[in-house]
Amino acid sequence: MRFDVYTPLVLSLLLSVVGPLVARSVAPALAARVLTSAAVLTAAATTWSLVLLAAALLGHAPPVIREAREDGHPVTDPVPEAIGLAACLALVAIAVRVYRAVRAERRTRRALRRLCAGHPPGTELIVAASDVPQAFAIPGRPGRILVTSAMLRTLEPAERRVLLAHERAHLAHRHGPLVTAATLAAAADPLLGPVRRAIGFLVERWADEQAAATVGDRRTTARALARAALTAGRARTACALHFTDRSVTRRIAALQTSPLPRLWPAAAAVLLLGTLSALLAADATGDLLRQLSGVLN
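These numbers come from a predicted model, not from an experiment.

Engineer: What am I meant to see in the overall build of the protein chain here?
Structural biologist: Across its full length, the protein chain carries 11 helices and three strands. When the helices and strands of the protein chain are listed from N to C terminus, the series reads α-α-α-α-β-β-β-α-α-α-α-α-α-α. Out of the 297 residues in the protein chain, the part that is buried amounts to 44%. For the protein chain, the proportion of contacts with a sequence separation of at least 24, taken over those separated by at least 6, is 73%. On the protein chain, roughly 15,200 Å² of surface is accessible, and the fraction owed to carbon and sulfur atoms is 63%.

Structure below.
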């Protein structure tokens, strides 16, 4: 346990370095899926490792262990007491962060549901009269797209098709749950912040590529993205699912080149990092259980 229990923390750092690199070199659809899976596995393993470190403090408390020491049985502390205490504090901080992330997610969902209130259940496209250029993909069953009149006025007919195809891609491929999972993983493991940002970028790139394939014109897609970004920038606002965001320059540049390849070896290596974190956390659990079993026997 002395080594395995710390390894998920190291792998979190490694994933935070590798994640942005993968986002720039692997096809967005594949990269988003494997990075989200790896982030969730790594966050779960890291949290569980902290639980094991915190549990080491119990080695000083249970009567059976105290009696074993009094009887002269050698009982080795799995980790130093200071580290166990730090793990307890870290778990409290994680609980607060996850709670806040869940509360923010619920608040956002309620706000989006209010935007759809009063419209027929089967309505996919909702056009809101507003001078603020915005577009939202609202997850749900069915999913809906909310676009303001200001955004529609800004875009030409071909560019409007790009916008709608982009938002439909978010709904069709369930990007909302992917981003939510990455957000919760980063809340549980702050070291995964760069991975969360990479996944947010990837789902936008994924939707861009889907829109380009739907309209059959990468240049028109890039032009629509640029025009929407400029309009939203002048209005000092941004779309909920980032049709316009700070990485728009990179997204436009990507649309002006060929689509990225599906680098399966790189994707497999990322997924292996997450799997390895889970396996090492499980191994550390086994070590702790065997140690306690030896004391009890």
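Engineer: Even after reading the chapter, I still don't get the packing of aromatic side chains, so can you show me in this structure?
Structural biologist: We describe a pair of aromatic rings using the distance from one ring centre to the other and the angle between the two ring planes. Across all of its chains, the model carries zero aromatic pairs by this definition. Note that arginine 250 overlies the ring of phenylalanine 201, its terminal NZ or CZ placed 4.0 Å from the centroid.

Engineer: Please clarify how the nonpolar core should be interpreted in this entry.
Structural biologist: Generally speaking, a soluble globular protein has its nonpolar side chains buried in company with each other. Leu15, Leu35, Leu192, Val195 and Val270 are the most contacted members of the largest nonpolar core, which totals 38 residues. Contributions of two or more residues to this core are made by α1 (7-25), α2 (28-55), α4 (81-116), α7 (175-188), α8 (193-215) and α11 (264-296). In terms of residue count, the dominant contributor to this core is α2 (13 residues). Beyond its immediate sequence surroundings of up to four residues, valine 270 is in contact with Leu15, Val18, Val22, Val34, Leu35 and Ala38. Counting eight residues, the second largest nonpolar core, distinct from the first, contains Ala135, Ile145, Met151 and Ala228.

Engineer: Teacher, can you tell me more about the sheet that holds strand β3 (residues 144-148) here?
Structural biologist: Backbone hydrogen bonds are what pair the strands of a sheet, in a parallel or an antiparallel way. Pairing is mixed in the open sheet, where three strands are placed in the order β1-β3-β2. Across the chains shown, the open sheet's two edge strands, defined by having one partner strand only, are β1 (125-128) and β2 (135-138). Here the strands of the sheet are splayed against their neighbours by 20 degrees on average, with no regard to which way each runs. Looking at chain direction, β1 and β3 are connected through four bridges and run parallel. Looking at the pairing, leucine 125 lines up with isoleucine 145 of β3.

Engineer: Would you mind showing me how to read the side chain of serine 16 here?
Structural biologist: Structurally, the position occupied by serine 16 is in helix α1. Owing to a relative accessible area of 11%, serine 16 belongs among the buried residues under this scheme. Separated by 2.6 Å, the side chain of serine 16 and the backbone oxygen of leucine 13 make a polar contact. In this structure, serine 16 is in contact with Leu191, Pro194 and Val195, ignoring residues within four places of it in sequence.

Engineer: Explanation requested: α7 in the structure shown.
Structural biologist: Within an α-helix, residues lying three or four positions from one another point in the same direction, as the helix has 3.6 residues per turn. Over its 14 residues, α7 extends 20 Å from the first C-alpha to the last, a length consistent with the 20 Å expected when each residue adds 1.5 Å. Lining the buried residues of α7 we find α2, α4, α6 (157-172) and α8.

Engineer: How should the pattern of salt bridges be read in this particular structure?
Structural biologist: Side-chain pairs of opposite charge can arise where the charged atoms are in close proximity. A full pass over the atoms with the stated rule returns 10 salt bridges. With its nearest N and O atoms 3.5 Å apart, the salt bridge here joins glutamate 156 to arginine 227. Note that glutamate 156 is positioned in the loop between α5 (149-154) and α6 and arginine 227 in helix α9 (residues 218-235), a separation of 71 residues in sequence. Residue glutamate 156 is classed as partly exposed on the basis of its relative accessible area, which comes to 40%.

Engineer: Help me understand the environment of aspartate 189, please; the structure alone is not making it clear to me.
Structural biologist: Along the chain, aspartate 189 falls in the loop between α7 and α8. Note on aspartate 189: relative accessible area 2%, which makes it buried. Separated by 144 residues in sequence, aspartate 189 and alanine 45 place their C-alpha atoms 9.6 Å apart. Aside from chain neighbours lying at most four places away, what touches aspartate 189 is Ser12, Thr42, Ala43 and Thr46. A polar side-chain atom of aspartate 189 sits 2.5 Å from a polar atom in the side chain of serine 12.

Engineer: Which parts of the structure should I look at to understand α8?
Structural biologist: With 23 residues, α8 should cover 33 Å at 1.5 Å per step; its first-to-last C-alpha distance of 34 Å lies within 8% of that length. Following α8 by one or two positions, glycine 216 has its phi on the positive side, about 75 degrees.

Engineer: Help me understand the pairing of β3, please; the structure alone is not making it clear to me.
Structural biologist: If a strand is regular, its side chains alternate between the two faces of the sheet. β3 sits mainly inside the fold: five of its five residues count as buried. Neither face of β3 is open: one carries Arg144, Leu146 and Thr148, the other Ile145 and Val147, and all of them are buried.

Engineer: I keep staring at the packing of α2 against α4 and nothing clicks. Help me out?
Structural biologist: In contact at an axis separation of 7 Å, α2 and α4 are set at 135 degrees when each is read in the N-to-C sense. Classified by the angle between their axes, α2 and α4 sit oblique to one another. Crossing of α2 against α4: the hand is left-handed. Contacts between α2 and α4 pair Thr47, Leu50, Val51, Leu53 and Ala54 from the former with Ile83, Gly84, Ala87, Cys88, Ala90, Leu91 and Ile94 from the latter. Per-class residue counts for the contact of α2 with α4 are 10 nonpolar, two polar and no charged.

The rules we used
- Residues numbered from 1 in each chain as written.
- Predicted model: local features only at pLDDT ≥ 70, side-chain atom pairs only at ≥ 80, totals over all residues.
- Heavy atoms only, no water.
- Helix = DSSP H or I, 4+ residues; strand = E, 2+ residues; numbered from the N terminus.
- Buried < 20%, exposed > 50% of the residue type's maximum accessible area, 1.4 Å probe, protein only.
- Contact = heavy atoms within 4.5 Å.
- Areas by Shrake-Rupley, 256 points an atom, 1.4 Å probe, with all protein chains shown as cover.
- Phe/Tyr/Trp six-rings, centres within 6.5 Å; stacked < 30°, edge-to-face > 60°.
- Lys NZ or Arg CZ within 6 Å of the ring centre and 35° of its normal.
- Core = buried A, V, L, I, M, F, W, Y, C linked by side-chain atoms within 4.5 Å.
- Pairing = 2+ DSSP bridges.
- Axes fitted to C-alpha atoms, helices over the stretch in contact; angles between N-to-C directions.
- Polar contact = N/O pair within 3.5 Å; in protein donor to acceptor, adjacent residues only side chain to side chain.
- Expected span 1.5 Å × (residues − 1).
- Salt bridge = Lys/Arg side-chain N within 4 Å of Asp/Glu carboxyl O.
- Parallel < 35°, antiparallel > 145°, perpendicular 65-115°, else oblique.
- Left-handed = near helix turned anticlockwise from the far one by under 90°.
- Nonpolar A, V, L, I, M, F, W, Y, C, P; charged D, E, K, R; others polar.

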